[in-house]
Amino acid sequence: MLKRLNNPTLYPWFIFIFAMGIYTINLGGSSIYILDEAKNATCASEMFERGDWIVPTFNQELRTDKPPLHYFFMMLSYSVFGVNAFAARFFSALFGALTILISFLFVRKFHSEKLALWTSFILLASIHLSIQFHLAVPDPYLIFFFTASIFSFYAAIKEKRTIYLILLYVSVGLGTLSKGPVAIGLPGLIFLLFLIFSKRFNWKAIKQLKPFLGALIVVAIALPWYVLVHLKTNGQWTEGFFFKHNLGRFSSEMEGHGGIFLITILFVLIGLFPFSVFIVQALKNAFNNRKNHFVLINLVAGLTIVTFFAISRTKLPNYTVPAYPYFAILIGLWLSNIDLQKAKPKVSLIVLLAIGVILIPALYFGIKFDPALAHLNYLALYFLPIPVGFIIAYVLYHKGRLRQSLQTTGLATILGSLCFMVFVFPRIDGENPVAQSLHLLAGKEVRYFEKFNPSYSFYLQKELTEIKPDQFNSFFEENPEGLIISTKRRLEDVQLPSNAEISFSARDIFETPTTVLITRKNN
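As the structure is a prediction and not an experimental result, all values here were calculated from the model. (Residues numbered from 1 in each chain as written. Predicted model: local features only at pLDDT ≥ 70, side-chain atom pairs only at ≥ 80, totals over all residues. Heavy atoms only, no water.)

What should I look at first to understand the overall build of the protein in this one?
When helices and strands are tallied, the protein shows 23 helices and 7 strands. Here the protein has a C-alpha radius of gyration of 25 Å; the compact-globule value for 523 residues is 24 Å, and the two agree. With the C-alpha coordinates of the protein rotated into their principal frame, the extents come out at 80 × 55 × 50 Å. In the protein, which comprises 523 residues, the proportion classed as buried is 56%. Within the protein, residue pairs in contact and separated by at least 24 positions form 74% of the contacts whose partners lie at least 6 positions apart. Carbon and sulfur atoms provide 64% of the accessible area of the protein, an area that totals close to 23700 Å². In the protein, 46 positive and 30 negative side-chain charges are present, and the distance between their average locations comes to 21 Å. (Helix = DSSP H or I, 4+ residues; strand = E, 2+ residues; numbered from the N terminus. Rg over C-alpha atoms; globule rule 2.2 N^0.38 Å. Buried < 20%, exposed > 50% of the residue type's maximum accessible area, 1.4 Å probe, protein only. Contact = heavy atoms within 4.5 Å. Areas by Shrake-Rupley, 256 points an atom, 1.4 Å probe, with all protein chains shown as cover. Lys, Arg positive; Asp, Glu negative; His and termini not counted. Charge placed at Lys NZ, Arg CZ, Asp CG, Glu CD.)

What follows is the structure, given as C-alpha cells:
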C-alpha cells in the first residue's frame, strides 16, 4: 500500500490536499473582524443580496478600493455555504492551495522533482502565507494569477506552444480583475527584464509572444466590467480606484503605511520565515548561475517585485507576497544542492536557534504589554513547537543529518502555524469589541456617529445610517432600546444629551480606535 502511495504521479494530489488542509483549518473559527476582511466580505454580501455583479458597495456606499474578482468568488461561495466567515474565506484558501500546486508542477517540469518538493515545502512552512490564505482579501487571487502568468510566460518561451500563451494572457486578464493594472504592468516589466538579461530581446521573441492576441484576450476578460462600472457610477469608481488607490498609493503614503525602502526586504524575510534565513546564500547562488534561464526568471521576478514595492510610498506586508514563490524556488535550489564542505549553513541555523530561544518570552511579554490582551499571555506557549523544532534541527545538523534538520525546521513552523490558527488567533479574536458587543445589538435599532468598525456591517447584514449629535436625543426618545456605534476619539468634542451614556467601550484589537456604544441612560 505504502509503495503504491509513494508514486510521483500522486505527488501533486498529496501536495494540493495537504495545502488545502493547512489553509482551510479552522477557516471559519474566527470572526470577520480585520478591517480589510470586513469591508471585502460585506461588500460581497451586499452585492450578493442585490444580485448586482457590477457596482461594489460597503454599507450601500460605493467602494472603489478593489476590482471585483474576489467579490465574485465570495458571492459564489455565499450561494453555496451562506453568508458567513467560512464562505468569505473559502476561495482564498483554494487559490492558496492552487498556488502551491502550480509552483510544484512548474518546477518539476522545468527543473526537477526534488526542487519542486523543496519549493512546496518552503512555501507551506511560511506562517505569513498561511495567514494570507486564511483571509477574505483579494491578495490570494492576485498571487495565484500573478504566479500563473510568470510561469506561463516562461513555459511559452521555452516550449513555443500557443496554449501557454493563452494561459499567460488569461492569467493577466483575471489578475487585472483581481487587483488592477499592477497585474499587467509588473509582469510586463518582469518579462521585459528577463528578455533583456537573457539576451533574447528582439523582434523574433516579441513576435513569438503574440502581443496583439494577448491584448485582445486581456481586454476581452477585464475591460467589460471596468466599462460597466464606469458607466453605472458616472466615472466615480474609475476615478477613486485608479487615481486614489493606484497612483495615490504608489506616489504617497496612505493610511500610515509607509517606511524606508528596506522595509520591503524585512517583509520578505519575515514572510518566508524560517527558510528566509538562507536567502542571502540563495541569491548569491542564483546570481552566480544567472545564465541558466530557469534561475534567471525566478531571480528577476523576485527582485523586481521587491524593488517595485520598495519604491512605492505606501508599503504593506501583503504587497511583496507575490515574490514568495520565486524566492522559495531559489532557496530550494540552494538547499537541494548544498555542499557542506563549501557552504556551511551553520550560521543560518544558529540564527534560527536564537530566534527559537527568544520567541516564547518575546511573545509572552509582547502580549502582556497590551492591556487588552494581557490576560492572554499564556497563548505564547502554543508556539512551543517552533523553538523545540529548531533545537532538534540544530542537534540533527551537528549529527550530520542536514536533510532531516531542514525538514524538522519546516515541520516546526507548519505545526506552529496550525496552533496559531486553531488555538491562538480565535482566542485573541474573541476579545475584539464587535465579538464582545454584537449580542447587545440584536433586534435593536442601530445608528453610527462618524465612524464604526466595519465588522458590524457584516454581522448585522443591514445598512447602518449615520446620525448627527443634534439627533441623539430624538433618536433615543423614539428608540429607547436603540444604540449608536462610534469611537472614543470621535466623541471627544461631543456633549452627549442627558438621556444618553456610553454603555460599552473596548479598544479595537489590531487597530488604534476604541469602539464605543451609546445607549439611553437608565433613570
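Don't stop here, the text continues.
Please clarify how the pattern of salt bridges should be interpreted in this entry.
Taken as a whole and assessed by the stated rule, the structure comprises 12 salt bridges. Salt-bridge contacts for glutamate 431 lead to arginine 427; the nearest nitrogen and oxygen are separated by 2.9 Å. By relative accessible area, which is 32% here, arginine 427 ends up partly exposed. Between arginine 447 and glutamate 445 there is a salt bridge, with the nearest N and O atoms lying 2.9 Å from each other. (Salt bridge = Lys/Arg side-chain N within 4 Å of Asp/Glu carboxyl O.)

I tried to follow the side chain of serine 130 on my own but got confused; where do I start?
Here serine 130 is to be found in helix α7 (residues 127-132). In this structure serine 130 comes out as buried when scored by relative accessible area, which is 1%. With residues near it in sequence (within four places) discarded, serine 130 still touches Ile22, Tyr23, Ser417 and Met421.

Any chance you could explain the layout of surface pockets here in plain terms?
In this approach the atoms are scanned with a rolling probe the size of a water molecule, which exposes any empty space left behind. For the second largest pocket, the calculated volume is near 360 Å³. Residue lining of the second largest pocket: 16 residues in total, with Tyr169, Gly188, Phe191, Leu209 and Pro211 positioned closest to the centre. Of all the secondary-structure elements, those providing two or more residues to the lining of the second largest pocket are α9 (162-179), α10 (182-197) and α12 (211-232). A per-element tally of the lining of the second largest pocket places α10 first, with 6 residues. Of the residues in the lining of the second largest pocket, the class split is 14 nonpolar, 2 polar and no charged. (1 Å grid on protein atoms, 1.4 Å probe; cavity = no way out; pocket = protein on both sides within 12 Å on 5 of 7 lines; lining within 4 Å. Points joined across faces, edges and corners; volume = space filled by probe spheres on them. Nonpolar A, V, L, I, M, F, W, Y, C, P; charged D, E, K, R; others polar.)

Whenever I open this one, the nonpolar core confuses me. Can you help?
Burial of nonpolar side chains together is a common tendency in soluble globular proteins. Tyr23 and Phe275 are the most contacted members of the largest nonpolar core, which totals 160 residues. At 16 residues, helix α5 (residues 85-110) tops the list of elements feeding residues into this core. Ile467, Ile484, Leu491 and Ala500 belong to the second-largest nonpolar core, a separate cluster that totals 11 residues. (Core = buried A, V, L, I, M, F, W, Y, C linked by side-chain atoms within 4.5 Å.)

I'm lost on the packing of helix α8 (residues 139-159) against helix α16 (residues 293-311) in this one. Help?
To characterise two packed helices, one gives the angle between the axes of the helices and the distance between these axes. At a minimum axis separation of 11 Å, α8 and α16 run at an interaxial angle of 150 degrees. With respect to α16, the element α8 is oriented roughly antiparallel. By crossing handedness, the relation of α8 to α16 is classed as right-handed. Of α16, the residues touching α8 (which contributes Phe146, Ile150, Phe151, Phe153, Tyr154 and Lys158) are His293, Phe294, Ile297, Asn298, Ala301 and Ile305. For the contact of α8 with α16, the class distribution of residues is 9 nonpolar, 2 polar and 1 charged. (Axes fitted to C-alpha atoms, helices over the stretch in contact; angles between N-to-C directions. Parallel < 35°, antiparallel > 145°, perpendicular 65-115°, else oblique. Left-handed = near helix turned anticlockwise from the far one by under 90°.)

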